[in-house]
Amino acid sequence: MSVLDALRMETPRPRMVREHRHAGWLAVATVCAGAFIGQLDVGAVAFTFPALEHDFHAPLAAVEWASLSYLVALVVLAVAAGRLADSAGRKLVYLYGFMVFTIGSAGCGLAPTLGALITFRVIQAVGAAMLQANGVALVMTSVPQGKIRAAIGVQGVAQALGLAAGPAAGGLLTTSAGWRWIFLVNVPIGCAGVLASRYLLPRTPDRTAARRFDYAGLVLLAAFTSTLLLAISCASGLTMPSGASAALAVTCVLSAGFFWLRIRHSRHPLVDPSPLTRRPVMAGLAGALCGYLLLFAPLMLFPQVYAAHAMHGAAAGALLTMLPAGFALTVLTVGKTALTRWTSRVRGVAGGVICVPAFAGLALTAPSTAASGLLLTALGMGLGVFVHANNSALSDAISVRLSATGGGLVRMTQGLGCALGIAAVTLCLHRAGRGPQNVTGLRLALAVLAATALIAIGTALVAGPRRSPPAIAEAGDGVAPDARFVFANERTFLAWIRTALALVAAGLAIVQLLHPFPGIPWGRHLLGGAFIVLGAVVSTIGYREWRRNQRALLHGEPLPRSVLPRILAVTITATAIASAVVLTLSAVRGH
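Scope of this entry: the structure provided in the associated data block. (Residues numbered from 1 in each chain as written. Predicted model: local features only at pLDDT ≥ 70, side-chain atom pairs only at ≥ 80, totals over all residues. Heavy atoms only, no water.)

Considering the overall build of the protein chain
Now for step 1: Across its full length, the protein chain holds 24 helices and 0 strands.
Now for step 2: Counting every position in the protein chain, which comprises 591 residues, the buried fraction comes to 50%.
Now for step 3: Relative to all contacts within the protein chain whose residues are 6 or more apart in sequence, the contacts with residues 24 or more apart total 83%.
Now for step 4: Total accessible area on the protein chain stands at roughly 26,200 Å², and carbon and sulfur atoms take up 67% of it. (Helix = DSSP H or I, 4+ residues; strand = E, 2+ residues; numbered from the N terminus. Buried < 20%, exposed > 50% of the residue type's maximum accessible area, 1.4 Å probe, protein only. Contact = heavy atoms within 4.5 Å. Areas by Shrake-Rupley, 256 points an atom, 1.4 Å probe, with all protein chains shown as cover.)

A closer look at the pattern of salt bridges
Now for step 1: Counted by the stated rule, this structure contains 1 salt bridge.
Now for step 2: For Asp41, the salt bridge is made with Arg121, and the minimal N-O distance between the two is 2.6 Å. Remark: Arg121 occurs in helix 8 (residues 114-132) and Asp41 occurs in helix 3 (residues 23-45); sequence separation between them is 80 residues. The two residues Asp41 and Arg121 agree in class, both being buried. (Salt bridge = Lys/Arg side-chain N within 4 Å of Asp/Glu carboxyl O.)

Considerations on the side chain of Thr227
Now for step 1: Locating Thr227 in the fold gives a position in helix 13 (residues 215-235).
Now for step 2: Residues in contact with Thr227, not counting those within four places in the same chain, are Leu248, Thr251, Cys252 and Ser255.

Observations regarding helix 18 (residues 344-363)
Now for step 1: In this model, helix 18 (20 residues) spans 29 Å end to end at C-alpha, consistent with the 28 Å of a helix rising 1.5 Å per residue.
Now for step 2: Within helix 18, 18 of the 20 residues are buried, which leaves the element mostly enclosed by the surrounding structure. (Expected span 1.5 Å × (residues − 1).)

Some thoughts on the side chain of Ser142
Now for step 1: By secondary structure assignment, the location of Ser142 is in helix 9 (residues 135-142).
Now for step 2: Judged by its relative accessible area of 15%, Ser142 is buried.
Now for step 3: There is a polar contact of 2.5 Å between the side chain of Ser142 and the backbone oxygen of Leu138.
Now for step 4: Beyond its immediate chain neighbours, meaning those up to four positions away, Ser142 contacts Gly24, Ala27 and Pro202. (Polar contact = N/O pair within 3.5 Å; in protein donor to acceptor, adjacent residues only side chain to side chain.)

Put into structure tokens, the structure is as follows:
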């Protein structure tokens, strides 16, 4: 047997491991190590940016590519790594994924220049893609059928812990040992992962024949994502030759167009376009992009703000950890709560509605205060509810036959959302001038994120399933509906409009007429802004439901269920809780 053949062959586990009663869970633990280290790295790297700017004398628009290059590579390789694993062997690809990730991490820690660091980050991302593409499949083939759900849950916990620990680990390592150790700490973990993969993972029981791969589609996808983010970086202060921005914009548009034509007409496209013909799927993918943009943008924004406030890295990391911790905890537990009685549409809207006042509060709060930590936690929980609901809506919209394709589309969209979040924050900080303590840039970025949260609410309305109760009144097609029901529908719409006006008036009164709360000057703006946003949401959805009811009456269809009562109940309850917190803090500080 040649050396090359040996490198291509999956080796069996030792007999002692293979026959152990917990052999499957040992394999799950190995997969969890890869899931944890990948998520930990993503959350920690943002804390290196101020140090990278100082050490390499580079602008933020250049330094951000230490993360963007990693995310772009993940987006591009998400599908390719999965296909390679199915044909070459999942254990083999996972083991080599740990090796490549470890080599890339060592190179990042020793990189002499920013260009070298970005290059090794791409290598690191190749390894991460090989790990991520195999995790779920390895878990499902390692444990008995009855334990699969529990094993996947354990892997989800490992990912959540890595994401939550990332900011704290990044802040602590950057302050105590230097930014290079954020990458070097992966080396011993990666070496242990290689050994564990060799001796604890089972061989692939069934492989699929290698199919023709769409390399042209891969190149076009890479060109589209790279030129899009480079064009944003040019607008964010990245020094490029004259005319480069226009050339990048043109290349981005052309590569996006050719990529769409490629997947539409190729016999073996990189991405199957079949799910993209349905509006709920497109809305769900847009929601996935918005959700991960809103999650990762603050992880990029606040380390810059904390550095401007000269906040200690460990304290800053611990404070920012509240965002991914709230997100991870909510995603893992929301399926076991009473929220599952609501439709994914209602849960998605409720999660988005929580995010809007949270961003408004963060814009009016000092970044280093306990109130900021509470708002970050609320933001993470709102995003957790939204993302969980959006994933449920996508699962309902994509047929089982195309579930693998849908999963690849979701992973690609989520990765693009993460990258766009980082790029958008850099653009806002640059346009605001990055003045003293980044206050203007912070507020501009948070305003953009609040607007994105409103867009996310719109995607939830379109992506969620439409479940209707039994018909209240029926009139066959072509028969005029009963005028009493038409007038009742119009009166209901006017009632919602009056409610919206009352909410807006209440918000304006709170902001303009109330005296500032002692010790909490931003409290009235937070509470008033929540009522104003809720008024806008009620007015918009009220009009939409009036149109849906009119259509149902004209065609004799069941009247659709209204989501407004639940939205009002959830939001007003949340606002009441926030009011109690603000009044309590005001009383303590005022005293």
